[in-house]
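So you can see what is in the structure, the chains are spelled out below.
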Amino acid sequence: MRKATFILMLGIAVAVVAGMTPLKWKTTSIDLGQVSKEEVSELNFEFTNTSASAIKIVEAKGSCGCTKIEFPDSEIKAGETASISANFKSGKLGAFKKNIRIKTSDSDEYTYLYFQGEVVE
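Counting restarts for each chain, with residues numbered from 1 along the sequence as it is written. A pLDDT threshold of at least 70 governs which residues receive local features in this predicted model, and a stricter bar of 80 or more applies before side-chain atom pairs are shown or counted, although totals over entire chains, interfaces and linings include all residues. With hydrogens and water excluded, all non-hydrogen atoms of the structure serve as input to the side-chain values.

Some remarks on the pattern of salt bridges
Link 1 in the chain: We count a salt bridge whenever a side-chain nitrogen from Lys or Arg sits within 4 Å of a carboxyl oxygen from Asp or Glu. Evaluated as defined, the whole model comprises 2 salt bridges.
Link 2 in the chain: Of the charged contacts, one joins Lys89 and Glu38 as a salt bridge, the two residues approaching to 3.5 Å between their closest N and O atoms. With Lys89 in strand S6 (residues 81-89) and Glu38 in the loop between strand S2 (29-36) and strand S3 (40-49), the pair connects residues that are 51 residues apart, well separated along the chain.
Link 3 in the chain: Partly exposed residues are those whose accessible area sits between 20% and 50% of the maximum for their type, while under 20% is buried and over 50% is exposed, using a 1.4 Å probe and protein chains only. On the basis of relative accessible area, Lys89 is assigned to the partly exposed category, the value being 44%.
Link 4 in the chain: Assessed through its relative accessible area of 46%, Glu38 is described here as partly exposed. Counting from the N terminus, the helices are the DSSP runs of H or I reaching at least four residues and the strands are the DSSP runs of E reaching at least two.

Concerning the state of the cysteines
Link 1 in the chain: What counts as a disulfide here is a pair of cysteine sulfur atoms lying within 2.5 Å. Applying the stated rule across the entire model yields 1 disulfide.
Link 2 in the chain: Disulfide pairing places Cys64 opposite Cys66 at an S-S distance of 2.0 Å. Torsion about the S-S bond of the Cys64 and Cys66 cystine: about -55°, corresponding to left-handed handedness.
Link 3 in the chain: A residue is classified by how much of its surface remains accessible, and Cys64, at 22% relative accessible area, is partly exposed.

Quick notes on a nonpolar patch on the surface
Link 1 in the chain: Side chains of Tyr110, Tyr112 and Tyr114 sit close together on the surface and give an oily, nonpolar patch of about 260 Å² of accessible area.
Link 2 in the chain: Within the secondary structure, Tyr112 sits in strand S8 (residues 110-120). Patch membership requires over 30% relative accessible area and the absence of a salt bridge. Like charges are linked within 9 Å, and nonpolar side chains (Val, Leu, Ile, Met, Phe, Trp, Tyr) within 5 Å. All accessibility values rest on the Shrake-Rupley procedure with a 1.4 Å probe; residue burial counts only the protein chains present in the view.

Brief notes about the pairing of strand S7 (residues 94-104)
Link 1 in the chain: Being paired, for any two strands, means DSSP has found at least two bridges between them. With 5 bridges joining them, strand S4 (residues 57-62) and S7 adopt antiparallel strand pairing. By the bridge assignment, Ile57 is partnered in S7 with Thr104.
Link 2 in the chain: Where S7 and S8 come together, 10 bridges link them in antiparallel fashion. Of the residues in S8, the one forming a bridge with Gly94 is Val119.
Link 3 in the chain: Hairpin connection from S7 to S8: 5 residues lie between these consecutive antiparallel strands.

A word on the pairing of S3
Link 1 in the chain: Of the two faces of S3, the one lined by Ser41, Leu43, Phe45, Phe47 and Asn49 is fully buried and the one lined by Val40, Glu42, Asn44, Glu46 and Thr48 carries no buried residue.
Link 2 in the chain: Here 3 bridges tie strand S1 (residues 23-25) to S3, and the two strands are oriented antiparallel to one another. Of the residues in S3, the one forming a bridge with Trp25 is Phe47.
Link 3 in the chain: Summarising the sheet, S3 and S6 pair through 9 bridges and their orientation is antiparallel. Looking across to S6, one finds that Glu42 is bridged to Asn87.

Side note on the sheet that holds S6
Link 1 in the chain: Judged by pairing direction, the sheet is antiparallel, and its 4 strands sit side by side in the order S1-S3-S6-S5 without closing on themselves. The two strands at the open ends of the sheet, each matched to only one other strand, are S1 and strand S5 (67-70). Strand-to-strand twist across the sheet, computed as the mean angle between neighbouring axes with direction ignored, equals 25°.
Link 2 in the chain: The pairing of S5 with S6 spans 4 bridges and is antiparallel. Residue pairing in the sheet places Ile69 in a bridge with Ala86 of S6. Axis lines are fitted through C-alpha atoms, for helices just across the contact stretch, and the angle between N-to-C directions can take any value from 0 to 180 degrees.

Note that every value here comes from positions in space, so none of it alone points to a role or purpose.
Listed below in structure tokens is the structure:
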């Protein structure tokens, strides 16, 4: 019984460590509230590299063509803070929820940043 409990706890610990990201985000979700049609909203997602080594963002892609994304093209050193910025141009009237998919040099997993709001006239 003890051996089974130990193996179960070890498996949980490994899963938790594997799911951790070396980037600590100030926020991963922004609510833009109401925005006018064709309005350009600026977004900023700040993060800190909490790992012991430098990390590079290798991909940052929006869920639609209405979002232009800018991200650091150089490595972010351990302990350094940087940000990903985006410009969202609103289109159709109504509620929206979009995302930005981030991939770093240290993992094959993606991190998702979200923003939402409502387009009004």
